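Architecture and fold: a report
So the chains spell out like this:
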Amino acid sequence: MNWLNTTVRSIKNWKHNLILQAILLLLLAILSYILLFGSVQPEKLDVEQFSVAETTIRSPKTVEDPVETAEKKQKAVNSIEDIYTPNEEYVKKRVKIVEDIFTSAEAVVEAGLKNEEVEDGEKAEVLNDPKKHLKSLRSRLSGTINKDISDETLLSLLASSKADLALAKDITKTSVNDMMKVGIKANEVENAKKKVEEQIKYNSLPTTNLRSATIDIGRYAIIQNVFFDSSATETAREKAAEDVEPVRILQGQIIVEEGYLIDAEVYRQLKLVGLLESEESFLPYIGLGTILIMVFSGVYLLFRKVETPDDVKDNIFIFSFVYVIGITLMKIIHIAASFSDETLAYLFPSAMAVMLITILMKERYALAIGILLSVAGSIMFKDGLSGSVQTSFGLYVLLSGLVCILLLRQRHERSSILGAGLLNSLINLMLITGLYWINGAEIPYIWVAVVAISSGIISAISTIGLLPFFESSFGIFSSMKMIELSNPNHPLLRKILMEAPGTYHHSVMVANLAEGACEAVGANGLLARVGCYYHDIGKTKRPAYFIENQANIENPHDRLSPEKSAKIILSHVTDGAEMARKHKMPKEVIDIIEQHHGTTLLKYFYYKAKEEGLAPEEKDYRYKGPKPKTKEAAIIAIADSVEAAVRSLKKPTQASIEKLVKSIIVDKLNDGQFNECDITLKELEKVNISLCETLAGIFHNRIEYPPMDDKE
């Protein structure tokens, strides 16, 4: 039997183990993979070249078109002309040659005129016999110039005066410099010579011979000074090719429209995007698995980091169950949409799962399930052959869910759920309209309005309908259930009111104190209020034995021994828990009933027994507990003691109340009543302040009216 007990305990403990989370989430990932498998499966077309397209075909992915890219690059290369680089030194050298020719002629003319002046005795401006000085001029010029410049040109220079030569030199230098600075290619040399000739021809040179000589020298000075740069040209063309953006066939891009011919180019593009491949790629399946592993790993970490084992046991099952409902419903709508209009996808009640988790668990888990369903929807609702991810639908599911989290924050009544659903319908309509506008598509207004409004209403109705199932199946004490239990017409509350009205009033007062204190430290104020309503339900078994119900009657404890009185008082905790279980009250309420006194000592009867010399044992006068294990239970324990103690004060003042509240908290703290819950000293101080503020509002100073005269 020992091994059997050990096995049973191991199985129970296993539920709290992190392995449970991993297994459940792995099963959810496998289910998601199965449901999404068909959506990522590459589609193949059975078409022939030069046939007519039976439907509009879009690209399922974005790929580069190498043929179009190569053609575009070639056009860019061809647009780059040959690059020519000018040689600035050639300009200086050719102008220098012109200057040297005229300067040499001037020097020879000047030297010849001196000799002739001596012989004739008169000063001359030009040489009488230029031929005699031709040899002297050629001796001053380089061999290349002598070879290329004719005797006639040089004789014309020698037959001119120095002033005319200076003028001709300036004209020639200017013309040559201006022309060569522009840059002269090989095929432009003759044209450049003609331009220089024209410039010189129309200048005011005194003689025809000098003009002809100047033209010959100008034409001689003009040469090619711009040369083809093969390296720069190649570099420019390579850069032009690199700057060309690759031509891509984008995901969702129309390759061929319905009724059009599938020519060679279209057929090539269909093959390029993989719609005609015979071999199937496994990459989409691997990609789907990778995405699912990532998102469910995130959910696993969310549960692992923020949940205690007790919370995980129920929450992981609730989360899984709601997700299965959501993704299954999504798949059903996906199948229906594939046979009709793709807009039917927006009929999916995107807010249902989010609202359920918001009410049953916490907002962070609602956000997590919203993200999961948006990822699944993005993959599942692909647009025909336009791709494997439909971001519009995924964004719709995510934003619609986020809005509902905000709408239901701290408001979980059925009316709030219905209101959130109706408002969500309006939000859905705005979302769908915005998504259509972003895609530049025409909006089918009436149909979009129908599916958007239907989605919100279905979400609200489904949430309201499924909540009781989850609450009963998983024993969830939701906010809605709490509100129902706080109804004064509940049988147990009616029982307290009718059989123990003093206890009922006491419970309401404690509820007011505890709710405010819980909200001050971030605990669940609504849970505290409901727990307070039922915490003393056990007193209805013997209401007359409790002082708040002893109005105008004798105290029965006066006739009992301290030991018997203590047993009656202590038993109201176990009696209350038993009654709560009999009425199938939530575990949270039962825990508060059992823990609201912890293991505190029933001091009055304990010390009374001592005074009577009975030598009592302290354990017989202590509540059986357990001690408070939650902040709510700890705060209720304080509020319960505070309300009873303050009510016993004859003339309560603000100072006396503050002193009393603080002493009760310190007493319970020293008694170790808070050792098993996570309430901190800082939070206890906030509880103290909150209780004092609430009590100050209840026991505020009142005006003392003067006594009335008998006649008045």
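Residues numbered from 1 in each chain as written. Predicted model: local features only at pLDDT ≥ 70, side-chain atom pairs only at ≥ 80, totals over all residues. Heavy atoms only, no water.

**Some remarks on the overall build of the chain**
For the record, the criterion: For helices the rule is a DSSP run of H or I covering at least 4 residues; for strands it is a run of E covering at least 2, with both sets numbered from the N terminus onward. The buried label goes to any residue with under 20% of its type's maximum accessible area, the exposed label to any with over 50%, and the partly exposed label to all in between, with areas taken from a 1.4 Å probe on protein chains only. Contacts: residue pairs with any heavy atoms within 4.5 Å of one another.
Secondary structure summary: the chain contains 29 helices and six strands in total. Buried residues in the chain amount to 44% of all 712 residues. Here the analysis covers contacts within the chain between residues at least 6 apart in sequence; of these, 78% occur between residues at least 24 apart.

**A closer look at helix α19 (residues 445–474)**
Since the α-helix turns once every 3.6 residues, residues separated by three or four places project in the same direction. We apply this condition: By this rule the span expected of a helix is its residue count minus one, scaled by 1.5 Å. The reported bend at a residue is simply the angle between two axes, fitted to the 7 residues ending at it and to the 7 residues beginning with it.
Taking 1.5 Å of rise per residue, 30 residues should cover 44 Å, and α19 covers 42 Å from first to last C-alpha, within 8% of that figure. By the largest-angle criterion, Leu466 marks the main kink of α19, which is about 30°, and a proline, Pro468, follows within four residues. Positive phi appears at Gly475, one or two residues downstream of α19, with a value of about 60°.

**Quick word on the confidence of the model for the chain**
Here is the rule: pLDDT measures how confident the predictor is about each residue, on a scale from 0 to 100.
In the predicted model, the chain carries a mean pLDDT of 84, and 89% of its residues have values of at least 70. Low confidence marks residues 1–15, where pLDDT is under 50. Its contacts with residues over four positions away, or in another chain, come to five contacts.

**Describing the environment of Lys193**
With respect to the element layout, Lys193 can be found in helix α9 (residues 189–201). You can call Lys193 buried: its relative accessible area is 15%. Distance in space between the C-alpha atoms of Lys193 and Val176 is 9.0 Å, their sequence separation being 17 residues. Apart from residues no more than four positions distant in its own chain, Lys193 is found in contact with Arg219, Tyr220 and Ile222.

**Thoughts on the packing of helix α15 (residues 352–360) against α19**
For the record, the criterion: Axis angles are defined between N-to-C directions and span 0 to 180 degrees, where every axis is a line fitted to C-alpha atoms and, for a helix, only to the segment in contact. Each angle receives one of four descriptions, namely roughly parallel if under 35 degrees, roughly antiparallel if over 145, roughly perpendicular if within 65 to 115, and oblique otherwise. By the definition used in this description, the sense in which the near helix is turned from the far one sets the handedness, with an anticlockwise turn below a right angle giving left-handed and a clockwise turn giving right-handed. Three residue categories are used. Nonpolar comprises Ala, Val, Leu, Ile, Met, Phe, Trp, Tyr, Cys and Pro, charged comprises Asp, Glu, Lys and Arg, and polar comprises the others, including Gly.
Where α15 contacts α19, the axes come no closer than 9 Å and their chain directions differ by 40°. The orientation of α15 relative to α19 falls into the category oblique. Handedness of the crossing formed by α15 with α19: right-handed. The residues of α19 that touch α15, namely those facing Met352, Met355, Leu356, Ile359 and Leu360, are Ser459, Ala460, Ser462, Thr463, Leu466, Leu467 and Phe470. Looking at the contact of α15 with α19 residue by residue, the class counts come to nine nonpolar, three polar and no charged.

**Some remarks on the side chain of Lys539**
Relative to the helices and strands, Lys539 resides in the loop between α23 (525–534) and α24 (562–582). Residue Lys539 is classed as buried on the basis of its relative accessible area of 8%. If we ignore the near neighbours within four places in the chain, the residues touching Lys539 are Thr503, Phe546, Glu548 and His572.

**Here's the deal with the packing of aromatic side chains**
Note the cut-off: Two rings from Phe, Tyr or Trp (for Trp, the six-membered ring) form a pair when their centres are within 6.5 Å of each other. A pair whose planes differ by under 30 degrees is stacked, one over 60 is edge-to-face, and the rest are tilted. Counting as a charge over the ring demands two things of the Lys NZ or Arg CZ atom: a distance within 6 Å of the ring centre and an angle within 35 degrees of the ring normal.
Scanning the model with the defined rule gives 18 aromatic pairs in all. Consider the rings of Phe37 and Tyr285, whose centres lie 4.8 Å apart with planes at 10°: the pair is stacked. Separated by 248 residues along the polypeptide, Phe37 in helix α2 (residues 18–40) and Tyr285 in helix α13 (residues 283–306) bring together distant segments of the chain. Residue Tyr285 is classed as buried on the basis of its relative accessible area of 9%. In this structure an aromatic cluster arises from ring pairing among Tyr346, Phe348, Phe381, Phe393 and Tyr396. Across from the ring centre of Tyr220, 5.1 Å away, lies the NZ or CZ of Arg94, which sits over that ring.

**Section: helix α3 (residues 66–78)**
Under the convention used in this document: Between N or O atoms, a polar contact is any pair within 3.5 Å; within protein, one atom must be a potential hydrogen donor and the other a potential acceptor, and residues adjacent in sequence are included only when both atoms are from side chains.
For α3, which comprises 13 residues, the first-to-last C-alpha distance of 18 Å matches the rise-based estimate of 18 Å (1.5 Å per residue) to within 8%. Its side-chain oxygen 3.2 Å from the backbone nitrogen of Val67, Asp65 forms the N-cap of α3.

**Side note on the layout of surface pockets**
Definition in use: Buriedness for pockets is judged along seven lines, at least five of which must meet protein on both sides within 12 Å for an open set on the 1 Å grid over protein atoms alone, while cavities are sets there where a 1.4 Å probe fits but cannot get out, and lining residues have an atom within 4 Å of a point. Grid points are joined across faces, edges and corners, and a volume is the space filled by probe spheres set on the points.
The calculated volume of the second largest pocket comes to roughly 1,300 Å³. Around the second largest pocket, the lining comprises 33 residues; the ones closest to its centre are Ile547, Leu602, Tyr604, Tyr623 and Ala644. Those elements that place two or more of their residues in the lining of the second largest pocket are α24, α26 (603–611), α27 (631–647) and α28 (654–670). Counting residues per element, the lining of the second largest pocket draws most heavily on α27, which supplies five residues. When its residues are assigned to classes, the lining of the second largest pocket shows 12 nonpolar, nine polar and 12 charged.

**Observations concerning a nonpolar patch on the surface**
As a reminder, the rule being used: Patch construction takes residues with relative accessible area above 30% that form no salt bridge. Like charges are linked within 9 Å, and nonpolar side chains (Val, Leu, Ile, Met, Phe, Trp, Tyr) are linked within 5 Å. Residue burial considers only the protein chains on display, and all accessible areas are found by Shrake-Rupley using a 1.4 Å probe. For salt bridges, the criterion is a side-chain nitrogen of Lys or Arg within 4 Å of an Asp or Glu carboxyl oxygen.
On the surface, a nonpolar cluster with roughly 570 Å² of combined accessible area is contributed by Ile19, Ile23, Leu26, Leu27, Ile30 and Ile34. Within the fold, Leu27 resides in helix α2.

**Remarks on a negative patch on the surface**
What counts here: In this tally Asp and Glu are treated as negative and Lys and Arg as positive; neither His nor the chain ends contributes. Note on charges: their place is set at NZ of Lys, CZ of Arg, CG of Asp or CD of Glu.
A grouping of Asp46, Glu48, Glu54 and Glu258 is seen on the molecular surface, where their side chains present a negatively charged patch. If you trace the backbone, Glu54 turns up in the loop between α2 and β1 (57–58). Its relative accessible area of 74% is what places Glu54 among the exposed residues.

**Topic: the packing of helix α21 (residues 491–499) against helix α22 (residues 501–520)**
Axis angle and axis distance: for two packed helices, these are the angle between their axes and the distance between the axes, and together they describe the pair. Where α21 contacts α22, the axes come no closer than 5 Å and their chain directions differ by 120°. The orientation of α21 relative to α22 falls into the category oblique. Residue-level contacts link Leu493, Ile496, Leu497, Met498 and Glu499 of α21 to Pro501, Thr503 and Tyr504 of α22. Residue composition of the contact of α21 with α22, by class: six nonpolar, one polar and one charged.

**Structural notes on the nonpolar core**
Going by this rule: Residues grouped as a nonpolar core are buried Ala, Val, Leu, Ile, Met, Phe, Trp, Tyr and Cys residues, joined through side-chain atoms within 4.5 Å.
If you look at the biggest cluster of nonpolar residues, it comprises 67 residues, and the most contacted ones within it are Ile318, Phe319, Tyr323, Ile357, Ile369 and Phe393. Those elements that place two or more of their residues in this core are α2, α13, α14 (309–339), α15, α16 (363–380), α17 (391–407), α18 (414–438) and α19. For this core, the leading source of residues is α16, giving nine residues. What Ile357 contacts, discounting residues up to four positions off in sequence, is Ile318, Phe319, Val322, Lys362, Tyr365, Ala366 and Ile369. Of all hydrophobic cores here, the second largest spans 50 residues; its members include Phe477, Leu493, Ala577 and Ile590.

**Looking at unusual backbone geometry**
The omega torsion of the bond from Gly625 to Pro626 falls at 5°, within 30 degrees of zero and hence cis. In this fold, Pro626 is placed in the loop between α26 and α27. One non-glycine residue with positive phi stands out, namely Phe50, at about 70°. For Lys584, which is not glycine, the phi torsion reads 55° and is therefore positive. Topologically, Lys584 is positioned in the loop between α24 and α25 (587–595).

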